[in-house]
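So you can see what is in the structure, the chains are spelled out below.
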Amino acid sequence: MTDLTQTTAARSSIMPQVLPWVIALGFLLVMPLIFTSNSALTIMNQMAMTIIFALAYNMLLGQGGMLSFGHAVYMGVGGFACVHIMNWDAFFGLIPLPVLPIFGGLFGMGLALIVGAFSTRKAGTVFAMISLGVGELIAACSVIIVVFFGGEEGISGDRTYGLPFFGIEFLRQIEVYYLVVFWLMVSAVLMYLWSRTPMGRMANAVRDNPERAEFLGYSARWVRFYSFVASGFFAGIAGGLFAINYEILTEENLNLTQSGAILLVTFLGGAGFFFGPIIGAIVFTLLQTVLSLETELWQLYVGALFVATVMFFPGGLAGLLMLHAPAAKMGRLSHLAGPYAKVLFPGIIGTLALCCLIELTFHLRHASIGDHEMVLFWTTFNTHSPVPWLLFGAIAAGGLWLAKRGAPDMAEAFHEANVMKGAA
Amino acid sequence: MNMAPQLVGYPALELENLHKSFGKAEIIRGVDLSVAAGERHAIIGPNGAGKSTLFNLITARFPATEGKVRLHGTDLAGMAPYEINRLGLSRSFQITNIFPRMSVFENVRCALLWSMGYKYSFWKIVSRSRALTEAAEDILDQINLLNRRELPAGVLSYAEQRALEIGITIAGGADVIMLDEPTAGMSHSETDYIVDLIRKVTENKTLIMVEHDMGVVFGLADRISVLVYGEIIASGTPEDVRADPKVQEAYLGAALEEEH
């Protein structure tokens, strides 16, 4: 009898846990059938690697309460190690390519073992400063230890020299895509499971209150250390995938810009939720790849989005989504659609018009002399005539004014959707 | 976790000539104290008597300037909090000290992990362990927070947070429980509630609690020590202590001074 209830209980609790993973896997497998171009595959590969790296980073930031400013080095060193293995014919010829990221992970983990031994003693500012210092130190090494880092031009390899894997030589981008997807799923599931283990739970406890955790029998330092090492491992896996995908690593993979980017990605997505960094990585990669083709100022917009997220939605995009979970459970999301549209539609139009003004300004200042024409939203404008300025100025002002006017209604609708019926 | 019977009556905690100075100010001036296993011992004294300092010395939050603290005969000098905890001493804090962003249930479950042998493992899924879940629910039941289990601990009321803190403190199965002013800032009814709770959960354990108010500990403690200006001026049963003229003079005098 007890056995029976136990198994049914276990089954009913496992289904909702497994379902999102199955959906994610199905989605990943179908994506290349919809987006078939090579550039789309490149974007998706980049996205997958960023997801792994961001999830690894969030083991520190979100789960362990450790703010690192130098996490790119663990991904980078994993990647460099993998390129060296690619170039070591005698060894690389013996291993199939899909195994290679494990070596990236081991090297990332090895470095994390060394650095973590002294950096995890304290959390907070001390940890952040050490991570910054170590990050800079290793980035600086790239021009000093040329043998390993290849100096300014970096090092490159050829993934196709590996042992063929069931006849696949990974010449085509789509083959690499499925390899990346495999590692994405494995890493994400492992990192999720980690968060459910005693280690993962105590990482949360140490984040919230290290002193209390110590009086429960756990050394806060060791808990941080283990999290750090595990995070280094998964960052290294991401690095190995980077090496496979791009076949080249340079100083750019180690430096502070890269470390800052992953912090931005994680925070944008929401460090408080396991899936937050996944959203962050998808949004950021899209901005980085698609938006950067459209405008040189993409980083300005990403920066503005980041600042807006930090100021208005400290829980990140995932936090913003989860704010709607109670309303969704009560089946009231439809009540929100109208008030939301009244704010978001003019708000987005207004913001886009504001961006156009910024683009006009940029063109006016930086275009070559005599070049007065620029294309914005499939329309050609003369930057020296007042027409586009007045037009976009009016749209921006009008749109944002409308959005602001609708905001109280939206707030009220949100509040109403979240109040229990009969509670008042 | 019942105490081995042969331990009853033996000293669980011994303080020997304990001194603590901060700069020139000597806060603890030679404290000797022995608390028998299974005893409920209260340390009371007026504000500024050094109660919390003494408490922090015992749990090695601060190093002692001079003297020794022994838990079941083991000298605690130089030990980290987690090492002391593993020897069977658990403490609460005067300022509520829980894991605010984790659920009430998780707070208690984390407190159980070490004593149930999970250590630093990362190959076990915590929610899979029935024993762990049941133990956590048992603690929640004892502190009357079962119906709050899924709430983030940070949103509980003050009295509930204090109850949770006591739950966390006892969860690890330590046989020496130290509570630092568990009723500080509480109303009368809340105080009565917490005192009953403490009595219930420290059954068969050694309890050392620091308290400002003698009334709170009177019905609870087997023995009371009175700390005034860093020295224990009296130690004995509640009746003896209350009748002691030195206590009446020093403690009540100081308490009166404070009121004026």
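Residues numbered from 1 in each chain as written. Chains lettered and ligands numbered in written order. Predicted model: local features only at pLDDT ≥ 70, side-chain atom pairs only at ≥ 80, totals over all residues. Heavy atoms only, no water.

Re the nonpolar core
Here is a general trend for soluble globular proteins: nonpolar side chains tend to be buried in one another's company.
Inference 1: Counting 140 residues, the largest nonpolar core has Y74 and L100 of chain A together with L164 of chain B as its most contacted members.
Inference 2: Looking at which element gives the most residues to this core, the answer is helix α2 (residues 38-64) of chain A, with 14 residues.
Inference 3: The residues touching L164 of chain B, leaving out its near neighbours within four places in the chain, are I98, V104, N107, V108, I143, L145, A153 and L156 of chain B.
Inference 4: Counting 24 residues, the second-largest nonpolar core is a separate cluster that includes A37, I43, L54 and L57 of chain B. (Core = buried A, V, L, I, M, F, W, Y, C linked by side-chain atoms within 4.5 Å. Buried < 20%, exposed > 50% of the residue type's maximum accessible area, 1.4 Å probe, protein only. Helix = DSSP H or I, 4+ residues; strand = E, 2+ residues; numbered from the N terminus. Contact = heavy atoms within 4.5 Å.)

What about unusual backbone geometry?
Inference 1: The residue W378 of chain A is not glycine, and still its phi comes out positive at about 65°.
Inference 2: With respect to the element layout, W378 of chain A can be found in the loop between β3 (373-376) and β4 (379-382).
Inference 3: Phi is positive for H72 of chain B, close to 50°, though the residue is something other than glycine.
Inference 4: By secondary structure assignment, the location of H72 of chain B is in the loop between β4 (66-71) and β5 (74-75).
Inference 5: Taking relative accessible area as the criterion, H72 of chain B reaches 32% and is therefore assigned partly exposed.

Here we look at the pattern of salt bridges
Inference 1: Applying the stated criterion across every chain, the model contains 17 salt bridges over all chains.
Inference 2: Its salt-bridge partner being R201 of chain A, residue E106 of chain B comes within 2.5 Å of it at the nearest N-O pair. Taken together, the residues E106 of chain B in helix α3 (residues 104-113) and R201 of chain A in helix α9 (residues 198-208) connect one chain to another.
Inference 3: Given a relative accessible area of 6%, R201 of chain A falls into the buried group. (Salt bridge = Lys/Arg side-chain N within 4 Å of Asp/Glu carboxyl O.)

Some thoughts on the sheet that holds strand β9 (residues 223-228) of chain B
Residue and element names in this part refer to chain B.
Inference 1: In spatial order, the strands read β6-β7-β8-β3-β9-β10; together these 6 strands make up an open sheet with mixed pairing. Each edge of the open sheet is held by one strand with a lone partner, namely β6 (89-91) and β10 (231-236). Here the average twist between neighbouring strands, direction ignored, is 15°.
Inference 2: With 3 bridges connecting them, β6 and strand β7 (residues 176-180) associate as parallel partners. Directly across from L89, in β7, lies its bridge partner V176.
Inference 3: Strands β3 (40-44), β6, β7, β8 (206-211) and β9 of the sheet are contacted by helix α1 (residues 51-58), whose axis makes an angle of about 150° with β7.
Inference 4: Packed on one face of the sheet, helix α5 (residues 158-171) meets β6 and β7 and runs near 155° to β7. (Pairing = 2+ DSSP bridges. Axes fitted to C-alpha atoms, helices over the stretch in contact; angles between N-to-C directions.)

Concerning the side chain of H41 of chain B
Residue and element names in this part refer to chain B.
Inference 1: Position of H41 relative to the elements: it lies in strand β3.
Inference 2: H41 gets classed as buried once you look at its relative accessible area, which sits at 0%.
Inference 3: Separated by 2.7 Å, the side chains of H41 and E39 make a polar contact.
Inference 4: A polar contact of 2.6 Å, which involves the side chain of H41, links it to the side chain of S225.
Inference 5: In this view, H41 contacts L33, V35, L207, I208, M209, R223, I224, S225 and S235; residues no more than four positions away in its chain are not counted. (Polar contact = N/O pair within 3.5 Å; in protein donor to acceptor, adjacent residues only side chain to side chain.)

What about the sheet that holds strand β1 (residues 11-22) of chain B?
Residues and elements named next belong to chain B.
Inference 1: Across the sheet, 4 strands lie side by side as β2-β1-β4-β5; this open sheet has antiparallel pairing. Each end of this open sheet is capped by a strand with a single partner; those strands are β2 (25-36) and β5.
Inference 2: The pairing of β1 with β2 spans 9 bridges and is antiparallel. Counted as the bridge partner of L18 is V31 from β2.
Inference 3: Along the sheet face, α1 touches β1, β2 and β4 and points at about 120° away from the line of β1.

Side note on the interface of chain A and chain B
Inference 1: At the junction of the two partners, chain A supplies 27 residues and chain B supplies 36 residues.
Inference 2: Of the roughly 2900 Å² buried at the junction of chain A and chain B (both faces included), carbon and sulfur atoms supply 61%.
Inference 3: On the chain A side of the interface with chain B, the three residues burying the most area are R212, F215 and L216 of chain A, jointly 26% of the side's total.
Inference 4: Where chain A packs against chain B, one counts 3 salt bridges.
Inference 5: Ionic pairing is found between E211 of chain A and R61 of chain B, a salt bridge with its closest N-O pair at 2.4 Å.
Inference 6: Applying the counting rule to chain A against chain B returns 18 residue pairs in polar contact (both at pLDDT 80 or more).
Inference 7: Contributing elements (two or more residues each) for the side of chain A that touches chain B: α1 (2-34), α8 (173-195), α9, α10 (210-214) and α11 (220-246) of chain A. (Buried area = accessible area lost by both parts, 1.4 Å probe.)

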